[in-house]
Amino acid sequence: MIQEFLYSKIHRATVTDANLNYVGSITIDEVLMDAAKIKEWQKVDILDVNNGERFQTYVIKGEPNSGCICLNGAAARKVQPGDKVIIISYASLTVEESKTHTPTVVIVDDNNKVV
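Residues numbered from 1 in each chain as written. Predicted model: local features only at pLDDT ≥ 70, side-chain atom pairs only at ≥ 80, totals over all residues. Heavy atoms only, no water.

Novice: Looking at this model, I keep getting lost on the overall build of the protein chain. Mind explaining?
Specialist: Across its full length, the protein chain holds two helices and eight strands. Going residue by residue from the N terminus, the α and β elements of the protein chain occur as β-β-β-α-β-β-β-β-α-β. In terms of C-alpha radius of gyration, the protein chain reaches 14 Å, essentially the compact-globule figure of 13 Å for 115 residues. Considered along the principal axes of its C-alpha atoms, the protein chain spans approximately 45 × 30 × 25 Å. For the protein chain, the proportion of its 115 residues judged to be buried stands at 43%. Put simply, of all contacts in the protein chain between residues at least 6 apart along the chain, 82% involve residues at least 24 apart. As displayed, the protein chain has an accessible area near 6,300 Å², and 49% of this comes from carbon and sulfur atoms. The positive charge centre, built from 12 side chains, and the negative charge centre, built from 15, are 4 Å apart in the protein chain. (Helix = DSSP H or I, 4+ residues; strand = E, 2+ residues; numbered from the N terminus. Rg over C-alpha atoms; globule rule 2.2 N^0.38 Å. Buried < 20%, exposed > 50% of the residue type's maximum accessible area, 1.4 Å probe, protein only. Contact = heavy atoms within 4.5 Å. Areas by Shrake-Rupley, 256 points an atom, 1.4 Å probe, with all protein chains shown as cover. Lys, Arg positive; Asp, Glu negative; His and termini not counted. Charge placed at Lys NZ, Arg CZ, Asp CG, Glu CD.)

Written out as C-alpha cells, the structure reads:
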C-alpha cells in the first residue's frame, strides 16, 4: 500500500511579491528550496495563514539568498505581499518507508532566512 505523507515544509514564509502577469507558479529562493528538499517544477500546496486560502501550484527556482517568495499568475490573486504562508511538499511512501520517515521542517524569519 502507498500513502501520502508530509515530505517537507517551509513554515511561515513571508510573501515578497505577487505577479499576476506571469504564467503561474511560486518562485522560491533556491536556498530555501534546498533546505526543504523541494525541487524545481515540483507540485506544492500553499497555505496562506492570513486569509485561509489553500491551493496547489508548482515551484520555480528563485535567486539564492534573495528571500523571494513570489506567487505568480492566478495564484497571485490569492495572496498579498506580507502574508505568511506555509509551503508543503508530500511523498508517496510504502508502509515500511513510512515507519522511518521524518519530514523536513524549515522555519524562517520575517526575511525568509532559515533560523
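Novice: I tried to follow the side chain of serine 25 on my own but got confused; where do I start?
Specialist: Looking at the element boundaries, serine 25 is found in strand E3 (residues 25-29). The buried category is assigned to serine 25, whose relative accessible area is 2%. The residues touching serine 25, leaving out its near neighbours within four places in the chain, are Thr57, Tyr58, Ile60, Cys70, Leu71 and Asn72.

Novice: Would you explain the pairing of strand E6 (residues 69-72) in this entry?
Specialist: The side chains of a regular strand alternate, residue by residue, between the two faces of the sheet. Across the two faces of E6 the burial is the same, with Ile69 and Leu71 and Cys70 and Asn72 all buried. Inspection of the sheet shows strand E2 (residues 17-19) paired to E6 by three bridges, in the parallel sense. Bridge assignment links aspartate 17 to a residue of E6, and that residue is cysteine 70. By the bridge criterion, four bridges tie E3 to E6 in an arrangement that is antiparallel. In the sheet register, isoleucine 26 faces E6, and the bridge partner there is leucine 71. (Pairing = 2+ DSSP bridges.)

Novice: What am I meant to see in the pattern of salt bridges here?
Specialist: Charged atoms that come close allow side chains of opposite charge to pair. Inspection of the entire model under this criterion finds four salt bridges. Taking the shortest distance from any N to any O, the salt bridge between glutamate 30 and lysine 61 comes out at 3.7 Å. With glutamate 30 in helix H1 (residues 30-35) and lysine 61 in strand E5 (residues 54-62), this residue pair connects regions lying 31 residues apart in the sequence. Judged by relative accessible area, lysine 61 falls into the partly exposed class, the value being 40%. (Salt bridge = Lys/Arg side-chain N within 4 Å of Asp/Glu carboxyl O.)

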